[in-house]
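What follows is each chain in one-letter form.
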Amino acid sequence: MREVASDQMNDTRSWRNSERCMGILMAGPAMVGILVFVAIPFLAAIGLSFSDLRIGSPLPTRFVGLQQYERVLSDPSFVRALANNTVFAVVVVPVQTTLALAMAVALNRRLAGIAIFRTAFFMPVVFPMALVAVVWQLIYAPGPNGPLNAVVSFCTFDAVAPIDFLHDPIFALPAIILLSVWQGVGFQMVVLLAGLQEIPQVLYESAEMDQAGSWARFLHITLPQLRNPLIFTALVTTILAFRLFDQVQILTRGGPIAATTTIMYEAVQTVFRRQQVGQACAITVLFFLIVLVITYIQRTLIRPEREVEQ
Amino acid sequence: MSAPSRHPRQSPVRAAASKQLKCGMCFVMLLAFGTVSSSCDDRTIDSAESARVSLHVWGHSGRESERLTLQSQVDRFNNSRSGVFVELTLLPEGSYNSQVQAAALAGELPDVLEFDGPFLYNYVWQGHLVPLDNLVSGKTRESLLPSIIRQGTYAGHLWSLGMYDSGLSLFANRRKLLAANARIPSGVEDGWSAEEFCSVLAGLAAIDADGAVLDLKLNYAGEWYTYAFSPAIQSAGGDLIDRTDYRSARGQLDCPAAINAMTYLQNWIRRDRYVDPNLDDNAFVSGRVAISWVGHWEYKRYKEALGDDLLLLPLPDFGRGTRTGQGSWNWGITSRCRNEKLAADFLEFLMKDRQVLEMARANDAVPGTLSAIRLSALHKSGGPLQMYVTQLSEGQAVPRPQSPAYPVITALFQQAFDDIRHGADVRKVLHSMAIEVDQDIEDNRGYPYERGGE
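Now for a look at the structure at hand. (Residues numbered from 1 in each chain as written. Chains lettered and ligands numbered in written order. Predicted model: local features only at pLDDT ≥ 70, side-chain atom pairs only at ≥ 80, totals over all residues.)

### Digging into the interface of chain B and chain A
Next up, step 1: With 28 residues of chain B at the contact, the number on the chain A side is 26 residues.
Next up, step 2: When residues of the side of chain B that touches chain A are traced back to their parent elements, those giving at least two are helix H1 (10–38), helix H4 (96–105), helix H17 (406–421) and helix H18 (426–443) of chain B.
Next up, step 3: Top element by residues in the side of chain B that touches chain A is H1(B). It accounts for eight residues.
Next up, step 4: Per-class residue counts for the side of chain B that touches chain A are 15 nonpolar, eight polar and five charged. (Contact = placed C-beta atoms within 7 Å. Helix = DSSP H or I, 4+ residues; strand = E, 2+ residues; numbered from the N terminus. Nonpolar A, V, L, I, M, F, W, Y, C, P; charged D, E, K, R; others polar.)

### As for the nonpolar core
Next up, step 1: By size, the foremost hydrophobic cluster in this structure holds 126 residues, and its most contacted members are B:Leu430 and B:Val437.
Next up, step 2: If one sorts the elements of this core by residue count, H17(B) sits on top with nine residues.
Next up, step 3: Those residues in contact with B:Val437, other than ones at most four positions away along the chain, are B:Ile241, B:Ala249, B:Leu253, B:Ala405, B:Ile409 and B:Leu412.
Next up, step 4: In terms of nonpolar packing, the next biggest core, distinct from the first, is built from 41 residues, A:Leu53, A:Ala141, A:Leu179 and A:Met264 among them. (Core = buried A, V, L, I, M, F, W, Y, C linked by C-beta atoms within 7 Å. Buried ≥ 20, exposed ≤ 12 C-beta atoms within 10 Å, placed from the backbone.)

### Considerations on the sheet that holds strand S11 (residues 310–313) of chain B
Next up, step 1: What the four strands build is an open sheet, ordered S9-S10-S8-S11 (chain B); its pairing is mixed. The sheet is open, and its two borders are formed by strand S9 (214–215) and S11 of chain B, each paired with just one other strand. (Pairing = 2+ DSSP bridges.)

### Looking at the pairing of strand S12 (residues 329–334) of chain B
Residue and element names in this part refer to chain B.
Next up, step 1: Burial analysis of S12 places six of its six residues in the buried class, which makes it a mostly covered element.
Next up, step 2: Burial along S12 is two-sided: Trp329, Trp331 and Ile333 and Asn330, Gly332 and Thr334, pointing in opposite directions, are all buried.
Next up, step 3: Taken together, the five bridges between strand S3 (residues 112–116) and S12 define a ladder with antiparallel strand orientation. Following the sheet pairing, phenylalanine 115 is matched in S12 by asparagine 330.
Next up, step 4: As paired elements, strand S4 (residues 129–130) and S12 share two bridges and run antiparallel to each other. If you follow valine 130 over to S12, its bridge partner there is isoleucine 333.

Structural data, given as structure tokens:
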């Protein structure tokens, strides 16, 4: 008896051990990837942000303490970049989330050919941003023949003169925002669509019996049930908003007069144009801290509900 | 990290941190240079073959005619020498400097390197090039166009040879100028002053459908801004940097004359709306504008479109006489080269009249030697592009700042011009750029230049 019992125990232990081993083995490649591609470079960036390392300089690299941080924080372009990123996030997160929700609700029905619509709305997410940017560059073309200008003048009966969207300090950032929302909204839509399909149908049926209207059903069933996916999409969109770079690099190069510069754009400029690796590292470390703080605030303000009743 | 730690227990931590740091750096570099090094793997195999001496050459992949010409010249060189093999690798132009920097860090530079002229001083400072003083014959050096010697000289040595140089000026439509009753300058000496240029533009705009009569090639951006528009500052009496010691930009870049010159340009673009955005690059050939501020590379296309109505005129004079840009791709020998004699032989071969003329025909640039210029129908005395030669030999052409800080200066100027073009306050833009240039020079301890034991 005792032997059998200990055998069994051994069995479970070795089984557990092997499960643990398998777990580590399975997670291994990803962990190595994170370590090599994220953790180590980031630690290196922290170290380098205290140095004056420059690309190709034959001079020895020196430790400069917090000088790079001082410079970055007193640089008007960095402050402007931070402001632009903030405006971008403040506009894009609510607009894109609302739009995605509306699209998800509209597409969450059994209809012949609904898959085609879903695919169509999801398509921009699949396109590379470089391609999207080039297409929108054509849409934003200045002069009366630019597609967007033509639409605007048609709708306003020629009251509005053609605008050079990407070279106008007022319109450049909104132009970037518009194309970013168009490109990104499909992703959130899919997440919310998945969330919608998780909502038990019985809730709607019982609401119908209580004679709740469609608006009331949306407000009291759909929205609360979608809480977690909504928080997730808002969080991800905020982080992506601070990572804004591709469309700026391709369409406006941060201009006109810093109207569309972003933190990422400034970091890339600093290292590849001004050859200041140390300073660029300081920017990325600050960027990390900013994203960390924003994520933390969002998480504490709106905690996702965890399912604890099991 | 700076103060030496007195706590013995901290040192292993620091050591580990620095090790980690190094690992990270190594990895980043590995990633960056993977592509470059893979293309150079064959070099060791080649050097093992003692029968054949090989020379690795990197050039930029320009237009197709240029590429074909260079390749055929390399083939000709290989056929004319026994036991010698020049292997040509062409790199894309857009990221050329980054690729050179990456290769240099990885110790994988070729023997002979082509590079854009104004980057020379940075490469010399970084120790990537060897001086050509004792490698190239006096005859070759004497035949060079003065602008190419000026471009290739740094710290008292000659570092590069150019098969061609560039020409920058105005192309104008004679018929439109006559219609606007504009005076037509006859050459470099009697070009329009900036003031007169304004009234010419006004006259042209008065008879133009949309009033946009000037093409500044704003569609190019990038290095074009520095190449094309810093001569305006120099013509006014300012400069991108104080060239007496290359230590400071303040007082030169933000002096009233420089501000004045850039204000002219800003007004033409913003206030007067004289400048066509030229998104299709056809503003001049389609007849939308009367004047195009552009380099030699447009000559053929413009000539085809306008025929005898095409005029070549100097850039406007902003106060101290007209100034223009210069500089193009140059050849140098790297400090990694193990056969400098052969490399020099190859460069001398490229600088012979036949090769120089072939290349000038392929890319329409100004031939790099005086003897080739005399043989070039376009550039010889009385030729339609003779003015380019005059500008390059008589001092109107100004090399971009001959300083290792140039890559930074041009990056900052491109940004500054972008801001000016969009209506920012010229004085503020130039002043803050000057401060940034000075900051960079200070960060690099004045770019001290010492040549090691080579």
